[in-house]
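Observations on the model geometry
Here's the letter readout for the chains.
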Amino acid sequence: MRRSESRELQVELGARAYPIRIAPGLLDRRDAFAGVRFPRHVLLVTDANVAPLYADRVRRLLPGQQEAALLVLPAGEQHKTLATCTKIFSALADMQASRDALVVALGGGVIGDMAGFAAACWMRGVRCLQIPTTLLAMVDSSVGGKTAVDLPQGKNLVGAFHQPCAVAIDTDLLATLPARELSAGLAEVVKYGALGDAAFFGWIEQHADALVAGDATTLVQAVHRSCEHKASVVVADETEQGVRALLNFGHTFGHAIEAETGYGALLHGEAVAIGMLLAARLSSEMGLAPLLDVARLAALLERLHLPIAIPAKIAARLDPSALLARMRLDKKTVSGRLRLILWRRIGHAFVAEDVDSHHVLELLTDALADGG
Ligand SMILES: NC(=O)c1ccc[n+]([C@@H]2O[C@H](COP(=O)([O-])OP(=O)(O)OC[C@H]3O[C@@H](n4cnc5c(N)ncnc54)[C@H](O)[C@@H]3O)[C@@H](O)[C@H]2O)c1
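Just so we're clear, the structure is a prediction, and the values are computed from it rather than from any experiment.

The domain architecture assigned to the protein chain consists of domain 1 (3-176) and domain 2 (179-369). Taken over C-alpha atoms, the centre of domain 1 sits 25 Å from the centre of domain 2. Residue-level contacts link 30 residues of domain 1 with 34 residues of domain 2.

Structure below.
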């Protein structure tokens, strides 16, 4: 247990404030969930990959564990649906969970988003403890209270804002994460540097090899700095009326690609990597940002083993107008206008209202033509 590497942040949201505890080996510590009140009804929700690895370890830490029910859901974005969510509601109903119940989300962003959404809905809202197990979930989805499920028409279209009561991050869990999933999480780490912190972007460039190799100490630092960014944005704008929208840098493109390819062809983080590059390219083509920064972003993503173009096999199946139509449906658009997060340079993203859709269509046409 390396307590010197332990970090704790507080998401200052008044009565709904909560801690983010980050430590390698956290799930071996009896105080992992200090401050969380455990009621009679606890439902531990996880997926079929994570359950055999970590469910028992978490159950052992829950006081009154004999009362904690375990629900194992199928893994993968294609299961982030209302139908899967219904299984969580049924499990809560079967255990006769009351308004005092606690839902524990143990998994990546898919489990975190679905369990969080179920917690938001059950009896109009019960508490949710987030225990993220992927890098993406540790640096992004477990913090901030956005919960949702996908529809065939688009990602995260049905959801709610529902803050967790605590976030417990054991970075040692990353040791079992497949390399491709680690890289996908690194895309969201890059996002924080790209949108608002050029110095952090430089730090990621310096430590790219260590990060992609899964170096434990470097990963703790990356998780901590990312959570600091996420928490400060969430505190400033909990329900995305303003600055929180910047966190969607690359996401409107990414979500469109994910939805159009059918969930699962590309990982969410991979789609975000491609989306960030498209946003950067569009910014340059509109004369808003230097082309040099596009190259710098592409070089970094490549070093992190992320795609920098839509893979040719996928590109061949996509139609630029269909992607544009998906982008219009993305919930970041306002009244049908194309509203995108663009940048002026590394570390300086902004909300661009009323982007000319012809520009975007041209960019998408080019991107599909030169698929990697
Ligand atoms: N709520 C938010 O603010 C927010 C932010 C970003 C992304 N998201 C959502 O997050 C989702 C993507 O999350 P993700 O990338 O974590 O995907 P995921 O939850 O599908 O997890 C990726 C894969 O890794 C496996 N896995 C998880 N932890 C593991 C571990 N420690 N060891 C071995 N295998 C492990 C899972 O079973 C799964 O197969 C998307 O649906 C996206 O929309 C939400």
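Another point: the packing of helix H8 (residues 251-261) against helix H12 (residues 320-329). Two elements in contact, H8 and H12, have axes separated by 8 Å at closest approach and are oriented at 120 degrees. By the criterion of interaxial angle, the relationship of H8 to H12 is oblique. In terms of crossing hand, the pair formed by H8 and H12 is right-handed. Residue-level inspection shows Thr252, Phe253, Ala256, Ile257, Ala259 and Glu260 of H8 in contact with H12, the latter providing Ala322, Leu323, Arg326 and Met327. When its residues are assigned to classes, the contact of H8 with H12 shows seven nonpolar, one polar and two charged.

So, about the environment of Ala256. You can see Ala256 is positioned in helix H8. A C-alpha to C-alpha distance of 40 Å links Ala256 and Leu62, two positions 194 residues apart in sequence.

On to the nonpolar core, then. Where a protein is soluble and globular, its nonpolar side chains tend to be buried together. One finds Val45, Val103 and Val104 to be the most contacted residues of the largest nonpolar core, which totals 122 residues. Per element, the largest residue contribution to this core is ten residues, and it comes from helix H9 (residues 268-285). Here this core spans two domains, and each of domain 1 (3-176) and domain 2 (179-369) adds at least three residues to it. Apart from the residues within four sequence positions on either side, Val103 is in contact with Leu43, Val45, Ala115, Ala118, Ala119, Val126 and Cys128.

The backbone of Arg124 shows a phi angle near 65 degrees, a positive value even though the residue is not glycine. In this structure, Arg124 sits in the loop between helix H3 (109-121) and strand E6 (127-132). In this structure, His305 is a non-glycine residue whose phi angle is positive, near 65 degrees. With respect to the element layout, His305 can be found in the loop between helix H10 (291-303) and helix H11 (312-315). A count of 16 C-beta atoms within 10 Å places His305 in the partly exposed class.

Rules used in this analysis
Residues numbered from 1 in each chain as written. Predicted model: local features only at pLDDT ≥ 70, side-chain atom pairs only at ≥ 80, totals over all residues. Domains from an automatic or database assignment. Contact = placed C-beta atoms within 7 Å. Axes fitted to C-alpha atoms, helices over the stretch in contact; angles between N-to-C directions. Helix = DSSP H or I, 4+ residues; strand = E, 2+ residues; numbered from the N terminus. Parallel < 35°, antiparallel > 145°, perpendicular 65-115°, else oblique. Left-handed = near helix turned anticlockwise from the far one by under 90°. Nonpolar A, V, L, I, M, F, W, Y, C, P; charged D, E, K, R; others polar. Core = buried A, V, L, I, M, F, W, Y, C linked by C-beta atoms within 7 Å. Buried ≥ 20, exposed ≤ 12 C-beta atoms within 10 Å, placed from the backbone.

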